Amino acid sequence: MPFDDSAPIIEIKNVSKYFGDFKALADVSLEISSGERVVICGPSGSGKSTLIRCVNRLESHEEGHVFVSGTELTDARASLMKVRSDVGMVFQQFNLFPHLKVIDNLTLGPRRALGLSEEAARARAMEYLERVQIPEQAEKYPLQLSGGQQQRVAIARSLCMEPRILLFDEPTSALDPEMINEVLDVMVELAGSGMTMVVVTHEMGFARRVADRMVFMDGGEIVEVAETEAFFTAPKSRRCRAFLDKILNH
Amino acid sequence: MKRAILLLSVFLFVAGCSGNWGWYVVDPRTPTGWINLTFMMRGAYYTLAISVVAISISVVVGLIIALPGLSKNKYLRGINRTYVEVVRSVPILVLILWVFYGLPELTGIRLNVFWAGVFALALSDSAFQAEIFRAGIQSIRRGQYEAAQSISLNYVDTMRFVILPQAIRRILPALGNQLVYMIKMSSLVSVIGLQDLTRNARELVVTEYRTLEIYTILVLEYLVIILIVSAGVRWLERRLQESERG
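Residues numbered from 1 in each chain as written. Chains lettered and ligands numbered in written order. Predicted model: local features only at pLDDT ≥ 70, side-chain atom pairs only at ≥ 80, totals over all residues. Heavy atoms only, no water.

(A) The arrangement of the overall build of chain B in detail. When you go through chain B residue by residue, the secondary structure sums to ten helices and zero strands. When the helices and strands of chain B are placed in sequence order, the string is α-α-α-α-α-α-α-α-α-α. Every one of the 246 residues in chain B was classed for burial, and the buried ones make up 45%. When contacts within chain B are restricted to residue pairs at least 6 apart in sequence, long-range pairs at least 24 apart make up 72% of them. For chain B, the exposed area adds up to about 13,500 Å²; of that, 67% sits on carbon and sulfur atoms. Measuring between centres, the 24 positive side-chain charges of chain B sit 8 Å from its 15 negative side-chain charges. (Helix = DSSP H or I, 4+ residues; strand = E, 2+ residues; numbered from the N terminus. Buried < 20%, exposed > 50% of the residue type's maximum accessible area, 1.4 Å probe, protein only. Contact = heavy atoms within 4.5 Å. Areas by Shrake-Rupley, 256 points an atom, 1.4 Å probe, with all protein chains shown as cover. Lys, Arg positive; Asp, Glu negative; His and termini not counted. Charge placed at Lys NZ, Arg CZ, Asp CG, Glu CD.)

Here it is as structure tokens:
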């Protein structure tokens, strides 16, 4: 496993987050090393999505600190630019830009935010479309594609920004069952490339296959963090055991 | 629509034959009728020019006014609310009179009839455009902003490449509506002397005394212009939709 000794690429320290009176995250701490693959699971409403959204500042936290490759996340412009260029995100609902062709979805960020030329951005986009195995869809509009294809385009769009960290927020939850595997295959391939990945998912087969560590959340807290094998064979907490029993037994 | 126009023409033809009508004033087969008719139609130039110039300005101003209305900052939202509420509560005719007769006394700058009209129409319409844009932008799902942020786009690029192109597609019917409304409201500028369709019709009435025929032609002139504009807007709508869903 590619653990290295250098400082963690993501550091979450005593983070709390409220939505009104509701405490979405309660004193959460977690460190993730460069190249590590972490899967976060837990019942809905447990705060897993909120946690990874705090890592690229789509949500702000009220208490505690989040560092991404050494930079603390604040509302300062420099901090935001840094984190957004280091961290890519794949959403449950894909969030492709429906009015732009697939190729233009992919080149927009590199051209406008990274300053690549039209040709360089196109070349890069085609490279990543090959990687997610749908180069032939480049000239189509997102709504002409299947859900699985759309999510693969979304993954390619994130990759085009060449982030150091890729966050996945339930990437297969909005997909029809027969399309889940084509997306997971792409993610497995990515995991093999050394990308730092933080994945919120209920796909335990995938988790077992690629995760270095598992995180179990419930009620806004991190209840258990363990190496993948230990997590599945001998979960320590009662809540985690109950959750795993529920989702593995059918 | 086609049937309605056909029925209307048949009615006018029959009524015109009854002897109570005097279509000769605008009969293109007689020299005077031809001169009168072309005189009336020449007004279309100013009607279209003032409407197009005014709507171009009001769309831009409306967008600029809409943006602070979407802010989290309540003072910025306050600016938006104040502008919209004040501007849209002034009747257009009153605004035209105020800009043309009142404003020069206040500022010493006298706008000519055309630009006074443009100013009043654009100002009045911008409040409505601001509301249309605000609604359109608010209808875009949050995920679109988040996706734009996640690929490092700044606010201006997010608006320019992601949010506005989608919002404008959605508000196109409303924008078309405003254009039609603008063309109709431009007739009010005739009161300060703009030589538009309405003004020319009224001048012709003064010399020919055939109110019914001349104003009927005036109605038809607006009808034709607006039918063409509506068809154009619908064509644009269809084209933009096709490009998304193919």
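(B) Layout of the interface of chain A and chain B. Facing the 26 residues of chain A at the interface are 23 residues of chain B. Between chain A and chain B, the buried area comes to about 2,200 Å², and carbon and sulfur atoms account for 56% of it. Among the ionic pairs, B:Glu146 bridges to A:Arg53, the shortest N-O distance being 2.5 Å. In this structure, the connection of chain A to chain B is made through six residue pairs in polar contact (both at pLDDT 80 or more). The set of elements that each furnish at least two residues to the side of chain A that touches chain B consists of helix 2 (77-86), strand 6 (87-90) and helix 3 (102-112) of chain A. Broken down by class, the residue content of the side of chain A that touches chain B amounts to 14 nonpolar, seven polar and five charged. (Buried area = accessible area lost by both parts, 1.4 Å probe. Salt bridge = Lys/Arg side-chain N within 4 Å of Asp/Glu carboxyl O. Polar contact = N/O pair within 3.5 Å; in protein donor to acceptor, adjacent residues only side chain to side chain. Nonpolar A, V, L, I, M, F, W, Y, C, P; charged D, E, K, R; others polar.)

(C) Quick look at the environment of B:Leu95. Residue and element names in this part refer to chain B. With respect to the element layout, Leu95 can be found in helix 5 (residues 92-107). Taking relative accessible area as the criterion, Leu95 reaches 7% and is therefore assigned buried. Residues contacting Leu95, with those up to four places away along its chain left out, are Val90, Ala120, Leu123 and Ser124.

(D) Broad picture of the state of the cysteines. One pass over the full model with this rule turns up zero disulfides over all chains. Between A:Cys54, a cysteine without a disulfide, and A:Cys41, which holds the nearest cysteine sulfur, the sulfur-to-sulfur distance is 18 Å. (Disulfide = S-S within 2.5 Å.)

(E) Broad picture of the packing of aromatic side chains. Scanning the model with the defined rule gives six aromatic pairs over all chains in all. Each ring, one from A:Phe216 and one from A:Phe243, has its centre 5.2 Å from the other, and the planes form 45°; the classification is tilted. In this pair, A:Phe216 sits in strand 9 (residues 213-218) while A:Phe243 sits in helix 9 (residues 238-248), placing the two residues 27 residues apart along the sequence. On the numbers, 5.1 Å between centres and 70° between planes, the contact of B:Tyr45 with B:Tyr46 is edge-to-face. When its relative accessible area of 31% is taken as the criterion, B:Tyr46 is described as partly exposed. Members of the aromatic cluster, each reached through a chain of ring pairs, are B:Tyr45, B:Tyr46, B:Phe114 and B:Trp115. Its guanidinium or amino end placed over the ring of A:Phe97, A:Arg157 lies 4.5 Å from that ring's centre, counting from NZ or CZ. Against the face of B:Phe100 rests B:Arg110, its NZ or CZ located 5.5 Å from the ring centre. (Phe/Tyr/Trp six-rings, centres within 6.5 Å; stacked < 30°, edge-to-face > 60°. Lys NZ or Arg CZ within 6 Å of the ring centre and 35° of its normal.)

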